[in-house]
Structure formats: structure tokens, C-alpha cells
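# Close look at the chain arrangement
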Amino acid sequence: MKTWITLLGCLTLTAGALAAEGEKGFAPSTVPTPKGCEQIKVVKPKGEHDLAKAIAKAKAEKKFLLVQYGRENCTNCQKVWNMLGDGRIKMPADFLYADTSCDDAETRAVFEETFFVEDDGRYYPYIVVMGPDGVQLAFKSGLGTPEIYNALFQKAREEYFQLQQP
């Protein structure tokens, strides 16, 4: 009984903290973690969980948007969080970050209305780079290396600025 009361108290505090922040939290995964499958320790970067809000903010601030679309118990997603969190993936200063869940119906609807999958899209995370004007500039699915992601951001920025030339 004491364990249940402690658990209920922790859940209440967590829910209260999220509500106090006024922030949409990361949706729990709809795919259970298999028994015995250890998840890696995650160093998660700060990011907006509400995709529509992140898109609007990026457009208003005329910044690029890096969208990570995946699920909380996906090891590939966790590895990308770690690479962003520890600086191996260097997000440029003119980028905002959206950390979004494919398990949230509202997020999924906004993602599918706004972005398109360029490769086979069979593995999470989906990484999208959106330009300041709201146009998708780059897409990658599955796990990549820091070098791949850093080159993806650089190429997206270069292509965006080339398109802006008269």
C-alpha cells in the first residue's frame, strides 16, 4: 500500500510540474519496450514538444527548425538526443529544435500535413530541417553519425540561401 501511495505521489508531482510549465510533454510510446531490452542513458536536449507551436515560432523568428520525430523508447532516437545533448551534433545558432513524438495523434497530424518522407522512412527518428519560410529543406530517417547530421544542416542552410538569391 505504501508503494502505491508513493507512486501516486510521484505521478501527481510530475503531472503538476508539466502543467505548471504549460508545456505539452513527450507522448508515452505506444510500443512497449521488450523485456530485457535495456535503454541507454539519455542526455536529452531542451526542445519544444508541440510541433505546431515550434513551426510558428521558427517562422516568426525567421529561424530554421530541426524536427526530431520519433518515440521515447526508440534507441536510435535516444542516441540522437545524446548526440545533440553532448554537442557532437552542433545545432547552428539560427536553428530551433522540436523534439516530437510520433505517438501523439495531434503531432502526427501536423507532421503529415507539413512534411514529407523523402527516403524509405522505415526507421525512427525522422529528422527534418525546415527553412525560416516553412519549407522542408532536408530529411533523414534512421540513425546517422554526427558528421552526417552536421553536413545535413550545413547543406540545408546553403541550399536555402542559394534559393533566396535573385
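Residues numbered from 1 in each chain as written. Predicted model: local features only at pLDDT ≥ 70, side-chain atom pairs only at ≥ 80, totals over all residues. Heavy atoms only, no water.

### Thoughts on empty space enclosed by the protein
If a probe the size of a water molecule is rolled over the atoms, the empty space left behind becomes visible. In the structure shown here, the tally under the stated rule is one cavity of 30 Å³ or more. Estimates place the volume of the largest cavity at around 30 Å³. Elements supplying a minimum of two residues to the lining of the largest cavity: helix H2 (51-61) and helix H4 (105-114). If you tally residues by element for the lining of the largest cavity, the top one is H4, at three residues. Among the residues forming the lining of the largest cavity, the class breakdown is three nonpolar, one polar and three charged. (1 Å grid on protein atoms, 1.4 Å probe; cavity = no way out; pocket = protein on both sides within 12 Å on 5 of 7 lines; lining within 4 Å. Points joined across faces, edges and corners; volume = space filled by probe spheres on them. Helix = DSSP H or I, 4+ residues; strand = E, 2+ residues; numbered from the N terminus. Nonpolar A, V, L, I, M, F, W, Y, C, P; charged D, E, K, R; others polar.)

### Observations concerning the environment of Val43
By secondary structure assignment, the location of Val43 is in the loop between helix H1 (2-21) and H2. We classify Val43 as partly exposed; its relative accessible area is 42%. Val43 has contacts with Trp81, Asn82 and Gly85, leaving out every residue within four places of it along the chain. (Buried < 20%, exposed > 50% of the residue type's maximum accessible area, 1.4 Å probe, protein only. Contact = heavy atoms within 4.5 Å.)

### Some remarks on the sheet that holds strand E4 (residues 136-141)
The mixed open sheet is built from four strands, whose spatial order is E2-E1-E3-E4. Edge positions in the sheet fall to strand E2 (95-101) and E4, since each has one partner strand and no second. Ignoring which end each strand starts from, the neighbouring axes of this sheet average 15° apart. Inspection of the sheet shows strand E1 (residues 64-70) paired to strand E3 (residues 126-130) by five bridges, in the antiparallel sense. Looking across to E3, one finds that Leu65 is bridged to Met130. Across the face of the sheet, H2 comes into contact with E1, E2 and E3 while running at roughly 170° to E2. In this fold helix H3 (residues 75-85) packs onto E1, E2 and E3, with an angle of close to 145° to the strand it touches most, E1. (Pairing = 2+ DSSP bridges. Axes fitted to C-alpha atoms, helices over the stretch in contact; angles between N-to-C directions.)

Taken by themselves, the reported measurements are silent on function.
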